[in-house]
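# Commentary on secondary and tertiary structure
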Amino acid sequence: MEAYVGSILLLPLVGALVMPWVSKLGRRAADALAGAVGLAVLASCLALVPHAGTPATLQVLGTNFAVDGLSLLFLVVISVVGFFCTVYSIDYIGHYSGRAKFYALLMLLVFGLNGVVLVRDLFSLYVFLEVASISSYVLVAYNLEFDGIESALKYLLLSAVATGMILIAISLIFASTGTLSFAELKAVLSGGPNPLFLFAAALFFAGFGLKAAVVPFHAWLPDAHPSAPAPISAMLSGVVIKVAGVYALTRIFFGIYAAPSQVLKVFLVFGVASMAAGAILAYFQTDMKRMLAYSSISQIGYIMIGLGLGNWLGIVGALFHVVNHALFKSLLFLNSGAVQFRTGTRDIREMGGLENRMPITSVTSTFGTLSIAGIPPFNGFWSKLFIVLGALAAKNYVIAVLTVSFSIFTLGYFLLLQRRVFFGKLNERWRDIKEAPAAMSFSVICLAAGCLLVGVFFNQVLRGLIEPAARVLLGGN
Amino acid sequence: MTLLIGCLALLVLSVVLLGVLRDLLYAAASLAAASVLLSIVLFQFGANIAAAFELSVCAGLITVLFVSTVSLTMDSDQKTEAKLPAVFLLPMLALFAGLAYFLVHWLAGALPTPATQVQALTFQEAFWGQRTTDILGQISLVLVGVFGLLAILRAKSTGRNHE
């Protein structure tokens, strides 16, 4: 297991280090290195899945890292989306300069995210969070256009506020307990309610809530995600907001604070607000990627609701939705990138009838739409079903009705998007456009197949990946 | 003690300047100064690791990223930010001072004695003995900074986005 964990953590770092030299051998060498690193990390994560139920502490370079079911779930999400975004970038990044720098920063982003889920100490979590955050600020601005740089600055400034709150909370915890280790903090904080710990909890929630783009801390996301290059939008929406936000929130509030009922109520309230506000705001967007960005806020709301329910079904649903949202939202962002790559626009009003010109993008986008709307047998159906069943089991009928209603609303605005972009009469401007290049098409086909296969074989995914993670949260390990 | 009070006073001054300066480049310089002063304060308190991190990342890396981005975002004659209405300045300062006073008083009473006595370690012992994970993080942060700067300062492609 040590070898796998070592590969997961260190390969992206080593890959980024050697990328400048490898790229001197040619463009293909840089592509091959980035793809090989992504594939090796993915293979290492998948090799760990059979051990999901057995938590292990490991020494890598004399440093302690730990893997449990929750870490493994997020590692799989990071490596799957990271790999397909890397493959997609082989063709997509061709129209930007600085291919090697892009790959290096993407690998460092993956390294930072992997570090966040492997450490067992609040300060180390903060350090790796900064590695991932700073990489993502630069990647958002990578096109060097005005909107990208402006969005990156907004993202950086708001994230700095979040980081400040997280650091103050860490300082308060350390000052009053003398430790930053998750395991030791859990023992200390279980001693009973303390106003200082509650104050730190509020700071943690606001800080990591901002990273997760939970309403009302979401202002940075609708600008940052559309302005970034498509594979980075997919990474941000599919992975970064989940690891930097949802994972950190669950690790702290379930792992350290042992999820008191007041905290769960806060999760529920902010979850409902995010689900509703994100969906309603998404409906009014005419920018394809901006609509997807608002939809991410809404889907984070579902995850928060599942966690807030606090029962087995709710938590299983939330964790399953983490996996599913990573698959279908990265698919939809990569598809929007393919459309923009060929048409040069993100404005839905200028599109129409692209299904015959871009059939792969159109079909895979339909898969993504059906998944996000929770239509069986696609993956989104099962996670939303578990969340609704969790609400019913908790006798929280209002939440159950709201969850189903906004799922139908999601289907509505995504079908509108699908119709305006791919169906109907072809806009004459796009008469000569072609399907996206091979590497981009390969990535979206694999992700679309993933949405269907995870839905069909949901029981295996549930047993092998989701339930071990849910046991960590409910057992508080 | 005099150094500490002096640093804290200058820190408050540089943060206020950061909020009111109209030139973003000067504001970024003010932020760097605030970070350096905060590092000195942290060293004075014996928080060596936090001080080193603040100095290397916040005063160095983040400032360089800020300055580069600001330089790229606007032409030289546009590098001014909208002036903060002066009428809001005093009430805001009073509000933050009040909040700070309340928080410091509350924290002084609320902070319990640490359950585990924090050992007085030297910088070397703490850095190399206890925080090896963070060294890995620091190395990667420096790498991110280097690649980030190279990416932001690279020549922009003139190629079309679509066919």
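Quantities reported herein were computed from a predicted structural model and do not represent experimental measurements. (Residues numbered from 1 in each chain as written. Chains lettered and ligands numbered in written order. Predicted model: local features only at pLDDT ≥ 70, side-chain atom pairs only at ≥ 80, totals over all residues. Heavy atoms only, no water.)

## Topic: the overall build of chain B
The number of helices and strands found in chain B is six helices and zero strands. Taken from N to C terminus, the helices and strands of chain B fall in the order α-α-α-α-α-α. Accessible area for chain B stands at about 9900 Å²; split by element, carbon and sulfur atoms hold 71% of it. (Helix = DSSP H or I, 4+ residues; strand = E, 2+ residues; numbered from the N terminus. Areas by Shrake-Rupley, 256 points an atom, 1.4 Å probe, with all protein chains shown as cover.)

## Focus on the nonpolar core
Ranked by size, the top nonpolar core spans 214 residues in total, and within it Leu122(A), Phe204(A), Phe253(A) and Tyr257(A) carry the most contacts. Here the element with the most residues in this core is helix 10 (residues 230–256) of chain A; it accounts for 18 residues. One finds Leu4(B), Cys7(B), Ala34(B) and Val41(B) within the second-largest nonpolar core, a separate group that totals six residues. (Core = buried A, V, L, I, M, F, W, Y, C linked by side-chain atoms within 4.5 Å. Buried < 20%, exposed > 50% of the residue type's maximum accessible area, 1.4 Å probe, protein only.)

## Concerning the packing of aromatic side chains
Residues and elements named next belong to chain A. Using the criterion set out here, one finds 30 aromatic pairs over all chains in the structure. Centre to centre, the rings of Phe123 and Tyr126 are 5.6 Å apart; their planes meet at 45°, and the pair counts as tilted. Here Phe123 pairs with Tyr126, and both are found in helix 5 (residues 122–140), just three residues apart, close to one helical turn. With a relative accessible area of 11%, Phe123 lands in the buried category. Residue class for Tyr126 comes out buried when judged on its relative accessible area of 4%. Through a chain of ring-to-ring contacts, three or more aromatic side chains come together here, namely Tyr88, Tyr92, Tyr96, Phe102, Tyr103, Tyr142 and Phe341. Note that Lys384 overlies the ring of Tyr302, its terminal NZ or CZ placed 4.5 Å from the centroid. (Phe/Tyr/Trp six-rings, centres within 6.5 Å; stacked < 30°, edge-to-face > 60°. Lys NZ or Arg CZ within 6 Å of the ring centre and 35° of its normal.)

## Observations regarding the pattern of salt bridges
Residue and element names in this part refer to chain A. This structure, assessed with the given rule, holds 12 salt bridges over all chains. Linking Arg28 and Asp31 is a salt bridge whose minimum nitrogen-to-oxygen distance equals 3.4 Å. Of this pair, Arg28 and Asp31 both sit in helix 2 (residues 27–48), three residues apart, roughly one helical turn. Given the relative accessible area of 55%, Arg28 is considered exposed. Across the pair Arg251 and Asp68 runs a salt bridge whose closest N-O atoms are separated by 3.0 Å. Of this pair, Arg251 sits in helix 10 while Asp68 is found in the loop between strand 2 (63–67) and helix 3 (69–92), placing the two residues 183 residues apart along the sequence. You'll find Arg251 and Asp68 in the same group, each marked buried. It is possible to trace a salt-bridge network through shared partners that takes in Arg27, Arg28, Asp31 and Arg99. (Salt bridge = Lys/Arg side-chain N within 4 Å of Asp/Glu carboxyl O.)

## So, the packing of helix 10 of chain A against helix 12 (residues 288–309) of chain A
All names here are of chain A. Their axes nearest at 11 Å, the elements helix 10 and helix 12 cross at an angle of 20°. Relative to helix 12, the element helix 10 is oriented roughly parallel. Crossing hand, helix 10 versus helix 12: right-handed. Of the residues in helix 12, those in contact with Ala230, Ser233, Ser237, Ile241, Lys242, Val246, Leu249, Thr250 and Phe254 of helix 10 are Lys289, Ser296, Ile300, Ile303, Met304 and Leu307. Considered class by class, the residues forming the contact of helix 10 with helix 12 number nine nonpolar, four polar and two charged. (Axes fitted to C-alpha atoms, helices over the stretch in contact; angles between N-to-C directions. Parallel < 35°, antiparallel > 145°, perpendicular 65-115°, else oblique. Left-handed = near helix turned anticlockwise from the far one by under 90°. Contact = heavy atoms within 4.5 Å. Nonpolar A, V, L, I, M, F, W, Y, C, P; charged D, E, K, R; others polar.)

## As for the confidence of the model for chain B
Residues and elements named next belong to chain B. With 56% of its residues at a pLDDT of 70 or more, chain B shows a mean pLDDT of 71. Mean pLDDT across the elements of chain B ranges from a minimum in helix 5 (residues 123–130), with 62, to a maximum in helix 2 (residues 24–44), with 84. This model gives residues 158–163 a pLDDT under 50, and the stretch forms 13 contacts once residues within four places in sequence are excluded. (pLDDT = per-residue confidence, 0-100.)

## Examining unusual backbone geometry
Residue and element names in this part refer to chain A. Of the consecutive residues Val215 and Pro216, the connecting peptide bond is found in the cis state with omega at 10°. You can see Pro216 is positioned in the loop between helix 8 (195–212) and helix 9 (221–227). Pro377 follows Pro376 through a cis peptide bond whose omega is 5°. Within the fold, Pro377 resides in the loop between helix 14 (359–372) and helix 15 (379–393). A positive phi angle, close to 60°, is found at Ala213, a residue other than glycine. Relative to the elements of secondary structure, Ala213 occurs in the loop between helix 8 and helix 9. Here the phi dihedral of Lys395 falls at roughly 60°; this positive angle occurs in a residue that is not glycine. Position of Lys395 relative to the elements: it lies in the loop between helix 15 and helix 16 (397–422).

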